[in-house]
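Coordinate analysis (summary)
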Amino acid sequence: MSETTATPPAVSFEKTVKTYGATPAVDGFDLHIACGETVALLGRNGAGKSTAISLLLGLNEPDEGTVQLFGAPPRHAVRAGRVGAMLQETRAVPRVTVRELVAFVAGRYPDPMPVAQALRHAGIAELAGRRVDRLSGGQAQRVRFAVALAGNPSLLVLDEPTAALDVEARHAFWTSMRAYARQGRTVLFSTHYLEEADAYADRIVVIDHGRIVADGTSEELRRSAGDSVVRVDLQGRDAAALRALPGVRAVEVRDGRALLRTHDSDATVVALAGLGAIRGLEVAPTSLDDAFLALTARCPETV
């Protein structure tokens, strides 16, 4: 009787730590991404997203723990041509055309995507004959996407991929990314745009201060932050006193308004009415924006 071996995850972080000086950029990551998943790393600038990606690509080594791609160290998958990456910080190559650059990168892979196809996917077919060092910021960003696709990789890693793109170009980019993912490819992208994570990821991994603070679908993240949000004008009241109201889990103050996260909005509203605190009253389900703020709250006004 033959034994079957489980397919290893496309991406695996196990108790991974990376520190720069006294500051942990990645602080105890445990993360597994199955083959075929599209996952967003969501966090503010400096949260640790880019460091996590550099470890994943083998550009840095962890101080503690392990990182693996397809069950092996990252360098093995990279050398085998299974990984394509679009990074934030790259320099334009002088005196080469877009087509020449993409063709050169494709030639380094064992089973590359046809150059014309990579250019079409990235929406830059009309730029094929242009010099790379004479492109606008948005055009250069789309060239980076074509380069990431050139090897026809099993894992596509995108670090803030829509930076410098206008609204139309962002929409075209995500249309291409989703088409690629539907072929069974694994996609990991970092972003600080909540709407992108909500719209295009199967899972959202929220990172704050180098740690994973949440991991789930957008709906699961909303539920983790509370069932409802009640907003009301503070009108000079002590925000700390609002925390004692029925159903309230947490209170935040933003621009003179109290935001109450509550698991029983009816009871909370009745109690507010009893206090006469109903000016500017709003009740709504928790949005992904509210969930993100609750998961990453470090504000001194949170009580």
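Residues numbered from 1 in each chain as written. Predicted model: local features only at pLDDT ≥ 70, side-chain atom pairs only at ≥ 80, totals over all residues. Heavy atoms only, no water.

Glancing now at the layout of surface pockets. Where empty space is left in the structure can be found by rolling a water-sized probe over the atoms. Volume-wise, the largest pocket comes out at about 610 Å³. Lining of the largest pocket is provided by 22 residues; of these, Ala85, Thr90, Val105, Val147 and Ala148 occupy positions nearest its centre. Here the lining of the largest pocket takes five residues from helix 5 (residues 137–149), the largest share from any one element. Of the residues contributing to the lining of the largest pocket, the split by class is 17 nonpolar, two polar and three charged. (1 Å grid on protein atoms, 1.4 Å probe; cavity = no way out; pocket = protein on both sides within 12 Å on 5 of 7 lines; lining within 4 Å. Points joined across faces, edges and corners; volume = space filled by probe spheres on them. Helix = DSSP H or I, 4+ residues; strand = E, 2+ residues; numbered from the N terminus. Nonpolar A, V, L, I, M, F, W, Y, C, P; charged D, E, K, R; others polar.)

As summarised here, the arrangement of the four strands in space is 11-12-10-13, forming an open sheet in which the pairing is antiparallel. The open sheet has two edge strands, strand 11 (248–254) and strand 13 (282–285), and neither has a second partner. Taking the axes of each pair of neighbouring strands and ignoring which way they run, one obtains an average angle of 20° across the sheet. The pairing of strand 10 (residues 228–233) with strand 13 spans four bridges and is classified as antiparallel. When the sheet's bridge partners are listed, arginine 231 is paired in strand 13 with glutamate 282. Strands in contact with helix 11 (residues 288–295) are strand 10, strand 11 and strand 12 (257–262); relative to strand 12, the strand with the most contacts, it is inclined by about 90°. (Pairing = 2+ DSSP bridges. Axes fitted to C-alpha atoms, helices over the stretch in contact; angles between N-to-C directions. Contact = heavy atoms within 4.5 Å.)

This part covers the side chain of threonine 296. Mapped onto the elements of the fold, threonine 296 is located in the segment after helix 11. Side-chain polar atoms of threonine 296 contact the backbone oxygen of phenylalanine 292, separated by 2.8 Å. Setting aside anything within four residues of it in sequence, one finds threonine 296 in contact with Arg44, Val206, Asp208 and Val213. (Polar contact = N/O pair within 3.5 Å; in protein donor to acceptor, adjacent residues only side chain to side chain.)

Summed over all chains, the structure comprises five aromatic pairs. With centroids separated by 5.6 Å and ring planes inclined at 65°, the aromatic side chains of phenylalanine 13 and phenylalanine 29 adopt a geometry described as edge-to-face. One end of the pair, phenylalanine 13, is in strand 1 (residues 11–20); the other, phenylalanine 29, is in strand 2 (residues 23–33), with 16 residues separating them in the sequence. Comparing phenylalanine 13 with phenylalanine 29 shows no difference in burial state: the two are buried. Between tryptophan 174 and tyrosine 200, the aromatic rings sit 4.7 Å apart at their centres with planes inclined by 10°, giving stacked as the arrangement. One end of the pair, tryptophan 174, is in helix 6 (residues 167–181); the other, tyrosine 200, is in helix 7 (residues 194–200), and 26 residues separate them in sequence. A cation over an aromatic ring shows up here: arginine 82 above the ring of phenylalanine 70, its NZ or CZ 3.8 Å from the ring centre. The ring of phenylalanine 104 carries arginine 108 above its face, with NZ or CZ at 4.6 Å from the centroid. (Phe/Tyr/Trp six-rings, centres within 6.5 Å; stacked < 30°, edge-to-face > 60°. Buried < 20%, exposed > 50% of the residue type's maximum accessible area, 1.4 Å probe, protein only. Lys NZ or Arg CZ within 6 Å of the ring centre and 35° of its normal.)

Spatial relationships are all this shows, so hold off on functional conclusions.
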